[in-house]
Each structure stands twice: as C-alpha cells, then as structure tokens.
Amino acid sequence: MAVTRTFSIIKPDATRRNLTGAVTKMLEEAGLRVVASKRMRMTRDQAEGFYAVHRERPFFNDLCNFMTSGPVVVQVLEGENAVARNREIMGATNPAQADEGTIRKTYAESIEANSVHGSDSDENAKIEINFFFKPEEIVG
Ligand code: IDP
Ligand code: MG
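Calculation criteria
Think of each chain on its own: its residues are numbered from 1, step by step along the sequence as written. By the order in which they are written, chains take letters starting at A while ligands take numbers starting at 1. At least 70 in pLDDT is required for a residue's local features to be given in this predicted model, at least 80 for side-chain atom pairs to be given and counted, and no such filter applies to totals for whole chains, interfaces and linings, which use all residues. By convention in this description, side-chain values take in all heavy atoms of the structure and omit both hydrogens and water. To form a nonpolar core, buried Ala, Val, Leu, Ile, Met, Phe, Trp, Tyr and Cys residues must be joined to one another through side-chain atoms within 4.5 Å. The buried label applies to any residue whose accessible area, calculated with a 1.4 Å probe on protein chains only, is under 20% of its type's maximum; exposed applies above 50%, and partly exposed to all values in between. Comment: elements are numbered from the N terminus, with helices defined as DSSP H or I runs of at least four residues and strands as E runs of at least two. Note on contacts: a residue pair is in contact if any heavy atoms of the two residues lie within 4.5 Å. When we say a residue is near a molecule or strand, we mean one of its heavy atoms is within 4 Å of it. Between N or O atoms, a polar contact is any pair within 3.5 Å; within protein, one atom must be a potential hydrogen donor and the other a potential acceptor, and residues adjacent in sequence are included only when both atoms are from side chains. Values of accessible area rely on a 1.4 Å probe in the Shrake-Rupley scheme; residue burial ignores everything except the protein chains shown. Here a cavity denotes a set of grid points, spaced 1 Å apart and computed over the protein atoms alone, in which a 1.4 Å probe fits but from which it cannot get out, and a pocket denotes an open set meeting protein on both sides within 12 Å along at least five of seven lines; residues with an atom within 4 Å of a point are reported as lining. Put plainly, a molecule is in a cavity or pocket when over half of its atoms are within 2 Å of the grid points there.

**Q** Would you explain the nonpolar core in this entry?
**A** Across soluble globular proteins, nonpolar side chains have a tendency to be buried as a group. One finds Phe-7, Ile-9, Met-42, Met-67, Val-74, Phe-132 and Phe-133 to be the most contacted residues of the largest nonpolar core, which totals 22 residues. Of all the elements in the fold, those that place two or more residues in this core are strand S1 (3-10), strand S2 (33-40), helix H3 (44-50), helix H4 (60-67), strand S3 (72-80) and helix H7 (122-132). Excluding residues within four positions of it along the chain, Phe-133 makes contact with Phe-7, Ala-36, Ser-37, Lys-38, Val-74, Gln-75, Val-76 and Ile-138.

**Q** What am I meant to see in the site of ligand 1 here?
**A** As a matter of local geometry, ligand 1 sits amid Lys-11, Tyr-51, His-54, Phe-59, Leu-63, Arg-87, Thr-93, Arg-104, Ile-111, Glu-112 and Asn-114. Lys-11 places a polar side-chain atom, nitrogen or oxygen, 2.9 Å from an oxygen atom of ligand 1. Note that an oxygen atom of ligand 1 is positioned 2.8 Å from one of the backbone N or O atoms of Glu-112. Taking 520 Å² as the accessible area of ligand 1 by itself, protein coverage stands at 79%. Comparing atom positions with the cavity grids shows ligand 1 to sit within the largest pocket.

**Q** How should the side chain of Ser-119 be read in this particular structure?
**A** Structurally, the position occupied by Ser-119 is in the loop between strand S4 (116-118) and H7. Polar contacts involving the side chain of Ser-119 include one to the side chain of Thr-6, which spans 3.5 Å. Engagement of the side chain of Ser-119 in a polar contact is seen with the side chain of Glu-128, the distance being 2.7 Å. When sequence neighbours within four positions are dropped, the list of residues in contact with Ser-119 reads Thr-6, Phe-7, Val-83, Arg-87, Asn-124, Ala-125 and Glu-128.

Structure follows, in structure tokens:
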C-alpha cells in the first residue's frame, strides 16, 4: 500500500463543541498524520464551490448554511491508503448507521452536522486539497 494524502474538514458542529483536538486524536490514532491544518470560516462561495457536486440535492442549501455557520479546521492527512483509512475512521454519513468507535458515531449530532468531511477518492482528494491549500502550506 502506498502512502497517500486525503483532505479532511472538522465541521462547525465539532469546533463549536471544542472537539478539534479530540477528532484529530482519533485521526492520528488511526495512523493518519496531519501535514497541513488551518482554522478558517468558509465563505458562502467556498462552501458552494466545495460542495458543487451536491448542488442539485435537496439538502444543498442547508448544508452550505451549516458549513458557513462557524469555524472549520481544514486539514491534509497523510498515511497508508489515506482516503480509505480516513473514511473508515469517520464512519457512515448518517451517525445512526456509523460503526462503534468511528468519529461520527462518537461525536456527530445528525446526518448533516456529522463532525467531519473526508475525500472519497484519490482524484477528489487532490482537487479538494488544492481548493484550500497552497503547496507550500503542506509540510510532510
Ligand atoms: P460524506 O460526507 O459521507 O461523503 P456526502 O453524501 O458526500 O457524504 O454528503 C456530503 C455532506 O452533506 C454530508 O457529510 C452531510 O453533512 C450532508 N448530507 C448528506 N446527506 C444528507 C441528508 O440526507 N440530509 C442532510 N444533510 C446531508
Ligand atoms: Mg462526500
């Protein structure tokens, strides 16, 4: 297995509850390394651009409202098979369906306010990392 990178967001429901460290600890314990990290408030344009793939979905407007409702922490994670490893430790989108021990089972409030984002493919990871980070901000 190759060492790869993925893109993560600690969402506003988690930053509001002061869970940045707790979530990051679970990522690190899953074997992922934070090689870039910044706390920011997403603009409406950034949220709509980032989630453009979902723009026809009924939850799109609410999702953009939620993602701009408070600070987020955007991160680049590195590790063996990082995309799949991160998806595993995140758990299912709906916390009611997430496995025990996952971030979403442990911390998510709802299917929308589900504490973390993680890229779903290597290709999307590259696009998402470039959306929020300059190359020199990533230090592996
Ligand atoms: P993922 O984050 O597990 O990859 P996606 O299907 O890509 O899930 O959805 C992106 C985000 O949109 C979810 O993480 C969640 O915050 C929100 N979302 C997804 N499905 C629903 C829904 O049915 N109702 C409300 N929000 C949703
Ligand atoms: Mg997704």
